[in-house]
Amino acid sequence: MKTIDELNIGELAIIIGFNGNAELQSRLVEMGINPGVLIRLVKKSLFGGPLQLKIREYYVSIRKCDAKDIRVSLHES
Amino acid sequence: MSRDHKHRHQQLKTGITVALLGNPNSGKTAIFNQLTKLRHKVSNYPGVTVEQKSGLFKINQHSKGIVTDYPGTYSITPESLDERIVAEEILQWIHGNSPPDVIISVVDASNLSRNLYLTTQLTDLGIPVVLAMNMMDRVQSKGTNIDIDKLKKELGVAEIISLSAKKKWGFKELRAAIDSVSAMSDFSPEADCAIKIPEDIRKTLQPLILLLEKEFQYSSMLAAAQALRIITRNSAFDLYAHLKEIDSRVTETLLQNILNLRDQAIEELESLGHPHRVLEGTIRYQRIDDTLNDISFDTNRFVKETTKSERVDKVLTHRYIGPTIFVLILYFIFNSVFTWATIPMDWISLEIAHFGEWVLSKMNPGSLRDLFVDGIIGGVGAILVFLPQILILVFFLTILEDSGYMARVAFMMDRIMTKVGLHGKSVLPLMSGYACAIPGIMATRTIDSWKDRLITILVLPLMSCSARLPVYSLLIGSFIPATKIFGLISMQGFVMVIMYFLGTVTAFLLSWIFSKFIKVESKSSFVMELPPYRIPIMGSVFHQVYSRGKLFVKNAGQIILAISIVLWFIASYPQIPEGHTGISKVEYSYAGRMGKMIEPVIEPLGFDWKIGIGLITSFAAREVMVSTLATLYNIEDEENIVMLRDSMKSDVDPITGDPRYSALIALSLMVFYVYAAQCLATFAIVRTETNSWKWPMFMMAYMTILAFSASSIVYQGGRLLGY
């Protein structure tokens, strides 16, 4: 088990759950970033900036500190 | 105008009302424009529609309706201010305050599952929903098949219409659907379409559901949905507190009851192992994913697919290449604003001069002719010259936004922006500030953290807006030599870029300082969709450029015209008595005396009384500085209509005989304009958006201090260095 920020670029993973109890979880889930869903880490930006993910049919960026709170398990493609 | 308005209002009252709701970037505004034939700004940046707009539209040959376009939202439980506006409105609907007859739920069919989330929230409200599947052209071209009939049944919507706002098909069907659905008097979706809440969770919600059903007469479907929402998010409960003004059933005791039942339910849920913050989302997506599975639509398969946009982003948001490209784009824009516009600008100024000469030759000499030629043509004409530059600037900014590039800039810049106390989403408002601070300040509503938003608002007026452009342009054109640096870069264009750069860097520096001192409790997050790149719709781009240009010309025709006339009077009277020598006409006038009075204050900055008059008049709008100087020089020169650049260059000090203005004074004045708070409209919008007097006052104060200190450093420093 890993968190999203630990993934390598291009890796696929399934969301398992969230750490902590941040307000942000509500927004993530509303945008379809919910447990059971497949994600792909597309890009990391410079100096530890936001990460770009592909999820469902779209691309989204989240901050690295928030990515640390999303637990995933690697998905064999 | 008022009768027209009234008439329109009466008409508006009689029709069917339709609400357009959807995710950001789902194409709501494009559909609104297509229905109403109005031309509102469409964009490819999440949350551009920050205000709701209504318009009349034709349903069929006999009837019209009113359609309202609401800000894009991912959910009706609000996160940011623009979403809050929608959520508040919807809660008012279900409490009987003018609900629409039909909701059009606009979804981007090429991003179906996430878009349907909002749709499932809307079908629970008890208002008939027409699902408008936009961008079907792209889905079809990808060869994806969606079983519309099955989807319609499972979602509980009244109708599903496939359309393409871009290709303009599907609108006839949409109008027909609105017509037939609004005629259904008692639409209710099949019971099994209601939100499916697992039994153990439903049990914990039951007391709250019963309370809502009893107190507000909600349907069981709506009560369950609202209960779920209140438990998931604090913001959903907060909305009820605001309902007190319109619904007498909402009392303090009732609110307290809801709160108690909520806390109790949360406690039970957590003990059962259901995190309450993700409750609504998890349950709804469960249902959406099941529904899509039923029509054999596999959402996960898209995750592996590399889209065209992703390939473009390999370069445009590349770790190192991406930011470099962004800086080059900015340089290119500001440089081209100066260099490309020269030809049309020269042409306009020549035509205005010709027109002035013509009036001069046709009218009899006298005060009226002077007013026309010196006051009006001189003043207003001097401003109109800058129209081409403003159009070019707005054109480029619109292209960046509509193409989807600005969302990438927010992505690339978020790290740096947070370091200086701002937010990735501050980039778009700040860049809009290059055109005008007012839309920029409005656009900050998409920033969900209040502290980040406040700081963005406070520093936004430091971004050089298009009203400063005429001032920079006049001074650079007159006093900065048209040479090339290293035989390559235009000196004039370079100085222009420096002015923009100065304002921008100061904005970052100050936000860093403000973030250390402003103590406001607020959390900051950044969850941002990166929409697919799209080729900007040229009609929409040109409309944006056109309306900006129209505003500028309208300003010239109203504010600047009025100021020019008043200025002409106070700069022409009292006239010098016979035999009085050693003083110019303008110096003797009221305006001249006014300028002379403040001259001691601005002398350390290198400014004389003429500029002083301009500083006073430009409180109405910055560009008035230019028209003021033009009027003053025209009054002094009785014979001709003068070219402002030439007059400023040839103006000499009557005592020493040296040129009055120099490159140093020009630089000092430009720096003053970079920083000075000279726009009443900005002050007013900051007052409304922050809902306080404190912040606009603070903004005025810091900007004025900055302007005086920076300008005197430039001037005095330059003098010390021997310029």
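Residues numbered from 1 in each chain as written. Chains lettered and ligands numbered in written order. Predicted model: local features only at pLDDT ≥ 70, side-chain atom pairs only at ≥ 80, totals over all residues.

(A) View of the overall build of chain A. If you tally the helices and strands in chain A, you get two helices and six strands. Seen in sequence order, chain A has helices and strands lined up from the N terminus as β-β-α-β-β-β-α-β. For 77 residues, the compact-globule estimate of 2.2 N^0.38 gives 11 Å, and the C-alpha radius of gyration of chain A, at 11 Å, lies within 12% of that figure. Projecting the C-alpha coordinates of chain A onto the three principal axes gives extents of approximately 30 × 25 × 25 Å. Contacts in chain A between residues at least 24 apart in sequence constitute 58% of all its contacts with a sequence separation of at least 6. (Helix = DSSP H or I, 4+ residues; strand = E, 2+ residues; numbered from the N terminus. Rg over C-alpha atoms; globule rule 2.2 N^0.38 Å. Contact = placed C-beta atoms within 7 Å.)

(B) Here's a closer look at the overall build of chain B. The helix and strand inventory of chain B stands at 32 helices and nine strands. In terms of overall dimensions, chain B is globule-like: its C-alpha atoms have a radius of gyration of 30 Å, near the 27 Å expected for 723 residues. Projecting the C-alpha coordinates of chain B onto the three principal axes gives extents of approximately 100 × 55 × 55 Å. Taking contacts inside chain B between residues at least 6 apart in sequence as the whole, the part at least 24 apart equals 72%.

(C) Inspection of the domain arrangement of chain B at higher detail. Residue and element names in this part refer to chain B. Split by domain assignment, chain B resolves into domain 1 (2-191), domain 2 (199-303) and domain 3 (340-385 + 539-660). Taken together, the 22 residues of domain 1 in the interface contact 25 residues of domain 2. For the side of domain 1 that touches domain 2, the secondary structure elements donating two or more residues are helix 3 (81-94), helix 4 (112-123) and helix 6 (148-155). Tallying contributions element by element places helix 3 first for the side of domain 1 that touches domain 2, with five residues. Classifying every residue of the side of domain 1 that touches domain 2 by side-chain character gives 10 nonpolar, seven polar and five charged. (Domains from an automatic or database assignment. Nonpolar A, V, L, I, M, F, W, Y, C, P; charged D, E, K, R; others polar.)

(D) Geometry of helix 3 of chain B. Residue and element names in this part refer to chain B. Taking 1.5 Å of rise per residue, the 14 residues of helix 3 would be expected to cover 20 Å, and the 20 Å separating its terminal C-alpha atoms lies within 8% of that figure. Regarding helix 3, the residues found buried are Asp-82, Glu-83, Arg-84, Val-86, Ala-87, Glu-89, Ile-90 and Leu-91. On the buried face of helix 3, the contacting elements are helix 10 (234-241). (Expected span 1.5 Å × (residues − 1). Buried ≥ 20, exposed ≤ 12 C-beta atoms within 10 Å, placed from the backbone.)

(E) Main features of the sheet that holds strand 9 (residues 527-530) of chain B. The seven strands lie next to each other as 1(A)-6(A)-2(A)-3(A)-4(A)-5(A)-9(B), forming an open sheet whose pairing is antiparallel. Looking at the sheet topology across the chains shown, the edges are occupied by strand 1 (2-3) of chain A together with strand 9 of chain B. Bridge count for strand 4 (residues 51-55) of chain A against strand 5 (residues 58-62) of chain A is five bridges, and the pairing is antiparallel. Residue pairing for strand 5 of chain A: A:Lys54 is matched across the bridge by A:Tyr59. Seen against the sheet, helix 18 (residues 405-419) of chain B touches strand 4 and strand 5 of chain A together with strand 9 of chain B and runs at an angle of roughly 140° to strand 9 of chain B. (Pairing = 2+ DSSP bridges. Axes fitted to C-alpha atoms, helices over the stretch in contact; angles between N-to-C directions.)

(F) Structural detail: the interface of chain A and chain B. Listed by partner, the interface residues are 37 residues for chain A and 37 residues for chain B. Listing elements by their share of the side of chain A that touches chain B, those giving two or more residues are helix 1 (24-30), strand 3 (38-44), strand 4 and strand 5 of chain A. Counting residues per element, the side of chain A that touches chain B draws most heavily on helix 1 of chain A, at seven residues. For the side of chain A that touches chain B, a count of residues per class yields 16 nonpolar, 11 polar and 10 charged.

(G) Representation of the sheet that holds strand 5 (residues 129-134) of chain B in the model. All names here are of chain B. Spatially, 2-3-1-4-5-6 is the arrangement adopted by the six strands of the open sheet, whose pairing is mixed. Among the strands making up the open sheet, the edge pair consists of strand 2 (53-58) and strand 6 (159-162). Sheet twist, expressed as the mean angle between neighbouring strand axes with direction ignored, is 25°. Here five bridges tie strand 1 (residues 16-22) to strand 3 (residues 64-69), and the two strands are oriented parallel to one another. Residue Ile-16 lies in a different strand from strand 3, and its bridge partner there is Gly-65. Most of the contacts of helix 4 go to strand 4 (residues 102-108), to which it runs at about 165°, and overall it touches strand 1, strand 4 and strand 5.

(H) Layout of the environment of B:Ala236. All names here are of chain B. Looking at where Ala-236 falls in the secondary structure, it is placed in helix 10. The class of Ala-236 is buried, set by 23 C-beta atoms lying within 10 Å. Distance from Ala-236 to Ser-98, taken between C-alpha atoms, is 20 Å for residues 138 residues apart in sequence. Beyond its immediate sequence surroundings of up to four residues, Ala-236 is in contact with Thr-77, Arg-229 and Ile-230.

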